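In case you want the letters, here they are:
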Amino acid sequence: MDLKEIQNLIKFVAKSGASEVKLEMDDVKITIRTGSDNETTIVQQVPVQAAAPVVQQAPAPAATSAPEAQAPAATPASDDSKYITVKSPIIGTFYRKPAPDKPVFVEVGTDIKEGDVLCVIEAMKLFNEIESEVSGKIVKVLVDDSSPVEFDQPLFLVDPS
């Protein structure tokens with residue numbers, strides 16, 4: 001598959017409105033993802049044989065805006081040290097509700113006990129309930145709904161008293 005065919009495929013996917021397309025042929029694997037917010041297109045061509053070329057196109061502005069948004073939140077205040085931090089046990093997408101039409105699991109000020117479900121994290125199309133390991137009161141929700149989370153990323157602050 002040459003560059004011209006890949007560009008035509010990108011244009012076709014963008015016009016179709018699909019959010020992701022994966023194409024696997026004998027010697028090439030291509031994944032095209034488009035975002036509805038900013039129409040980001042990512043193309044990866046992974047060679048299976050040594051002779052196949054590698055083509056990667058990724059917009060730089062989208063990659064630089066995310067770390068800037070997280071920088072202020074990464075510096076916790078000194079009074080947060082008395083709280084227990086509930087962290088993500090897996091990588092995935094954070095959801096505060098069990099379904100779009102259901103209420104959130106916990107709000108700021110909610111009293112929780114050990115074993116209460118705090119949120120769900122979707123990983124590989126499986127929804128994993130994240131249960132509290134401590135009792136207390138939710139002081140702060142550190143992640144926005146439907147946001148990607150990393151392993152060991154802080155999700156909630158809990159006041160154990």
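Residues numbered from 1 in each chain as written. Predicted model: local features only at pLDDT ≥ 70, side-chain atom pairs only at ≥ 80, totals over all residues. Heavy atoms only, no water.

Undergrad: Give me the lowdown on the side chain of Arg96, citing residues and values where you can.
TA: You can see Arg96 is positioned in the loop between strand 6 (92–95) and strand 7 (111–112). In this structure the side chain of Arg96 is engaged in a polar contact, spanning 2.8 Å, whose partner is the backbone oxygen of Val106. For Arg96, the contacting residues outside a window of four places in its chain are Val104, Phe105, Val106, Glu107, Val141 and Asp145. (Helix = DSSP H or I, 4+ residues; strand = E, 2+ residues; numbered from the N terminus. Polar contact = N/O pair within 3.5 Å; in protein donor to acceptor, adjacent residues only side chain to side chain. Contact = heavy atoms within 4.5 Å.)

Undergrad: Give me the lowdown on the pairing of strand 2 (residues 28–34), citing residues and values where you can.
TA: A regular strand places its side chains so that they alternate between the two faces of the sheet. Counting buried positions over the seven residues of strand 2 gives five, a clear majority of the element. The pairing of strand 1 (residues 20–24) with strand 2 spans five bridges and is antiparallel. Across the sheet, the residue bridging to Leu23 is Ile30, located in strand 2. The antiparallel hairpin formed by strand 1 and strand 2 contains three residues in its connecting segment. (Buried < 20%, exposed > 50% of the residue type's maximum accessible area, 1.4 Å probe, protein only. Pairing = 2+ DSSP bridges.)

Undergrad: Tell me about the pattern of salt bridges, and please be specific about residues and values.
TA: Counting across every chain of the model gives two salt bridges. We note a salt bridge from Glu107 to Arg96, for which the minimum N-O separation is 3.6 Å. With Glu107 in the loop between strand 6 and strand 7 and Arg96 in the loop between strand 6 and strand 7, this residue pair connects regions lying 11 residues apart in the sequence. Of the residues examined, Glu107 reaches a relative accessible area of 42% and is grouped as partly exposed. (Salt bridge = Lys/Arg side-chain N within 4 Å of Asp/Glu carboxyl O.)

Undergrad: Tell me about the environment of Thr110, residues and numbers included.
TA: Tracing the backbone through its elements, the reader meets Thr110 in the loop between strand 6 and strand 7. Judged by relative accessible area, Thr110 falls into the partly exposed class, the value being 26%. Along the chain, Thr110 and Val158 lie 48 residues apart, while their C-alpha atoms are 9.7 Å from each other. Setting aside residues no more than four positions away along its own chain, Thr110 makes contact with Gly136, Lys137 and Ile138.

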